[in-house]
Amino acid sequence: MPNKFLVLLFFLNSYSLLTGQIDTLLHYNYSTELATLGTKDYRQILTRFQLDQPIKLTGIRIHTSAKNGASFNLQVYGHEGGTNSPYTRKNLIPTTKVSKTKTDQETLEIELQEPIILDNDQCYISLDQFTDNFNLQIDTINTNDICRDKDGGIYYPTFLGSTLLGKNFLLPIELLVEYLPPTKPIFTEFTEQAQLAITMPIRSIAWADIDGDNWLDLLAGGQLYKNNKGTFKKISRRLPLAQRWQFGTSFFIDMDNDGDSDIICLGREVSYLFINDGTGNFKKTPLNLPPLQNPRAFSVADINQDQLPDLVVAQLWSKYPTPLPNYLFLNNGQLAFQDITERLYPNHKGDFNFPNTNRRSRGTQFTDYDLDGDVDLFISNYFLEEDEFYQNDGTGFFTKFNAPKELDPKNKNANHGTGVDWYDYDNDGDFDLLLPQLAHANYMELHGHKTTTLFKNNQGTFEPVKNTGIQFEETHSGAAFGDVNNDGLVDLITTAFYNCHYIDFYLQQKNQTFKMATYQAGLNKITSNTDACFVDFNNDGLLDVALGKDGKFSLFKNTQTNNNAWVKINLHSTSANHFGIGAIVKVYTDKNIYTQEVNAGRGQLMQKPATLHFGLSSAKKIKKIEVYWPNGKVQTYKKLKKNIHYLLKEGKKSGQMLSN
């Protein structure tokens, strides 16, 4: 598929910025005297380009120096997983033989048979099959404007030979391009305007209304921020912690089921519970949890239907690559937990889930995948270790069965899981599974390792979805669903490890595929090693997004305008846990049926709010809303309007309007 671009943009020789006009993208110094590069010692020569926006590639111009009749083959590679050199070498055009018609210097212009859209952040132009007398011109001035990363490598602009030896000099090759029509960005960075420090470190992100004012407050890496109608004030003094840096993982939990959001801060030596008095003030008490050196995921749910929220914590490693144990904790109703990890790992003993070992985990989420009224558990594992999928019997005891996996005879182990998100992306009434995965291109071919995969839920069985439109990115570090334009088709953001790798954003299409829209979203060229979290922080009916940017917390405000309808739902259960975690909500409109589930903690250290946000597209009315409460009761609410935020209380016949 057509994809991204990555190299050095020295010159943009533009005749016009208007759509439909051909522009010339140079990647060398036009005014520099060019030298000659002989090709007899090289089977292949490549050059890499970088763009800050999508283009339509219509042709290629190459400056040569050789005898009449000299020739080569031309190919175009796309994003190539964002790696620093192409490995898959998937050609996006028919291989084209190009021949000189003049002796000595000649500029060859090759018009593509069909223009191709390049919408990711790098591409490669490949020349090979040279005749013996073919020479290229080169810009001999080396460039230092190169992206470098200790893990991802050096992103050279030029590669020579079959071994792809990287070079700092530039080739006089030009892309003939058309720029796609400009659009207003979906998101605008809003961190400073929200009065949040741009230096704020990031680990976990959690959202909840701590004081009942219907504005979502922020808990990020042990720091608490009060939402003042769209701007934030730091109130971390309400969470007194010595050496706060040791408590980077924190989240909301209604520990005593009294209807307000308490807080847990996980620590390397001791963890703390902060009990909310209902006004956003907290009382600190130590928790009876084991030392948690490196939590990478948490999820909260009532696993045994006793109305009290329970907790799973997953860990990665202490010192690379020594794995750490995962834990399952049962809320005992006395502001403490009972360690019941053996219900997941029968051989759990001391610091080991398995006999003398653990797995390296990077994601958890509770979900009712089989729609039987209780929450099941998925754990995403890294380091080519098998993912874990547990079915709940309804009483908090779990049976392990095989996690969904794309079968491949080469893949005898597992993949590098980096998160998880369950969501009814296809609006068929059950929850599908998105597994972001890191995958090195060479191991994909040799050993069958899989990149990010979407599994369709077919009444409790899973099938990998082909041709999703999600492009291969080598270092995915997380992914999250959210309907950012309220068209009823849930969209997708993916994040990536390492510098020189960037997040991607996709808009879902009507055929249930995803179309790259990172530039359109205003999210291009963002490096983020964390997962992402959608939230309507300013109560305008549009989902915003919080994520890491260059290791710091960033908040992006959704600034688009459209006429699509929406509804937001919060739940209040009287017979189960107060916030209805694990409940399923179905919204029936005159156009469609939409299904979501209340959860608390997903992927890598992300906790989206308990508020369910439904995009309703062009619906004229809401016919009814059904709530499948965790206790098995089903309740129908009618006479609800679109573009309203409602609280639905169990046993009440109508919804309480929170905002509009």
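Structure: above.
Residues numbered from 1 in each chain as written. Predicted model: local features only at pLDDT ≥ 70, side-chain atom pairs only at ≥ 80, totals over all residues. Heavy atoms only, no water.

(A) Broad picture of the overall build of the protein chain. Helix and strand counts for the protein chain come out as two helices and 54 strands. Here the C-alpha radius of gyration of the protein chain, 27 Å, is about what a compact globule of 660 residues would show, namely 26 Å. Its C-alpha atoms put the protein chain at 85 × 60 × 45 Å along the principal axes. Of all 660 residues assigned to the protein chain, the portion counted as buried reaches 62%. Across the protein chain, contacts joining residues at least 24 apart in sequence account for 62% of those joining residues at least 6 apart. (Helix = DSSP H or I, 4+ residues; strand = E, 2+ residues; numbered from the N terminus. Rg over C-alpha atoms; globule rule 2.2 N^0.38 Å. Buried < 20%, exposed > 50% of the residue type's maximum accessible area, 1.4 Å probe, protein only. Contact = heavy atoms within 4.5 Å.)

(B) Spatial organisation of the packing of aromatic side chains. If you walk through the whole model with that rule in mind, you get 31 aromatic pairs. Residues Trp317 and Phe383 carry aromatic rings whose centres are separated by 6.1 Å and whose planes lie at 80° to one another, so their mutual orientation is edge-to-face. Placement of Trp317 in the loop between β26 (310–315) and β27 (327–331) and of Phe383 in the loop between β30 (376–381) and β31 (388–392) is noted, with a sequence separation of 66 residues between them. Each ring, one from Tyr369 and one from Phe389, has its centre 5.0 Å from the other, and the planes form 55°; the classification is tilted. With Tyr369 in the loop between β29 (361–367) and β30 and Phe389 in strand β31, this residue pair connects regions lying 20 residues apart in the sequence. (Phe/Tyr/Trp six-rings, centres within 6.5 Å; stacked < 30°, edge-to-face > 60°.)

(C) View of the side chain of Ser65. Tracing the sequence through the fold places Ser65 in strand β5 (residues 55–66). Setting aside its immediate chain neighbours within four residues, Ser65 contacts Thr36, Asp104, Gln105, Asn135 and Gln137.

(D) Spatial organisation of the state of the cysteines. All told, the structure shown has one disulfide when counted by the stated rule. With no disulfide of its own, Cys533 lies closest to Cys265 among cysteine sulfurs, the gap being 17 Å. (Disulfide = S-S within 2.5 Å.)

(E) Summary view of empty space enclosed by the protein. The full count for this structure, using the stated rule, is five cavities of 30 Å³ or more. Computed from the structure, the second largest cavity encloses a volume of approximately 100 Å³. The wall of the second largest cavity is formed by 14 residues, among which Tyr423, Asn427, Gly488, Tyr594 and Gln596 lie closest to the centre. Those elements that place two or more of their residues in the lining of the second largest cavity are β48 (593–597) and β50 (612–617). Its residues assigned to classes, the lining of the second largest cavity shows six nonpolar, six polar and two charged. (1 Å grid on protein atoms, 1.4 Å probe; cavity = no way out; pocket = protein on both sides within 12 Å on 5 of 7 lines; lining within 4 Å. Points joined across faces, edges and corners; volume = space filled by probe spheres on them. Nonpolar A, V, L, I, M, F, W, Y, C, P; charged D, E, K, R; others polar.)

(F) Spotlight on the environment of Thr589. Its location among the elements puts Thr589 in strand β47 (residues 584–589). Judged by its relative accessible area of 6%, Thr589 is buried. Placed 30 residues apart in sequence, Thr589 and Ala619 show a C-alpha to C-alpha distance of 6.1 Å. Not counting residues within four places of it along the chain, the set of residues in contact with Thr589 comprises Tyr594, Leu616, Ala619, Lys621, Ile622 and Lys623. Here Lys591 takes part through its backbone nitrogen, which lies 2.9 Å from a polar atom of the side chain of Thr589. (Polar contact = N/O pair within 3.5 Å; in protein donor to acceptor, adjacent residues only side chain to side chain.)

(G) Up close: the nonpolar core. Among the nonpolar cores identified, the biggest contains 57 residues, and Phe337, Ile569, Leu571, Phe614, Leu616 and Leu648 are the most heavily contacted of them. By size, the runner-up hydrophobic cluster in this structure holds 36 residues, among which are Ala66, Ala70, Val76 and Leu175. (Core = buried A, V, L, I, M, F, W, Y, C linked by side-chain atoms within 4.5 Å.)

(H) Fine view of the environment of Gly548. Position of Gly548 among the secondary structure elements: in strand β44 (residues 544–549). Each C-alpha atom of the pair Gly548 and Asn529 lies 6.7 Å from the other, and the pair is 19 residues apart in sequence. Apart from residues lying up to four places away in sequence, Gly548 is in contact with Ile202, Ile526, Thr527, Ser528, Thr530 and Asp531.

(I) Structural detail: the pattern of salt bridges. Taken as a whole and assessed by the stated rule, the structure comprises 19 salt bridges. Ionic pairing is found between Lys56 and Glu178, a salt bridge with its closest N-O pair at 4.0 Å. Of the two residues, Lys56 is situated in strand β5 and Glu178 in strand β15 (residues 173–179); the sequence distance between them amounts to 122 residues. Across the pair Asp211 and Lys226 runs a salt bridge whose closest N-O atoms are separated by 2.4 Å. Note that Asp211 is positioned in the loop between β17 (205–208) and β18 (217–220) and Lys226 in strand β19 (residues 223–227), a separation of 15 residues in sequence. (Salt bridge = Lys/Arg side-chain N within 4 Å of Asp/Glu carboxyl O.)

(J) Main features of the sheet that holds strand β22 (residues 262–266). Read across the sheet, four strands follow the order β21-β22-β23-β24 without closing on themselves; strand pairing throughout is antiparallel. Two strands lie at the open edges of the sheet, namely β21 (249–253) and β24 (282–287), each paired on one side alone. For this sheet, the mean inter-axis angle between neighbouring strands, taken without regard to orientation, is 20°. Looking at chain direction, β22 and strand β23 (residues 271–276) are connected through three bridges and run antiparallel. Its bridge partner lying in β23, Ile264 is registered against Leu273. (Pairing = 2+ DSSP bridges. Axes fitted to C-alpha atoms, helices over the stretch in contact; angles between N-to-C directions.)

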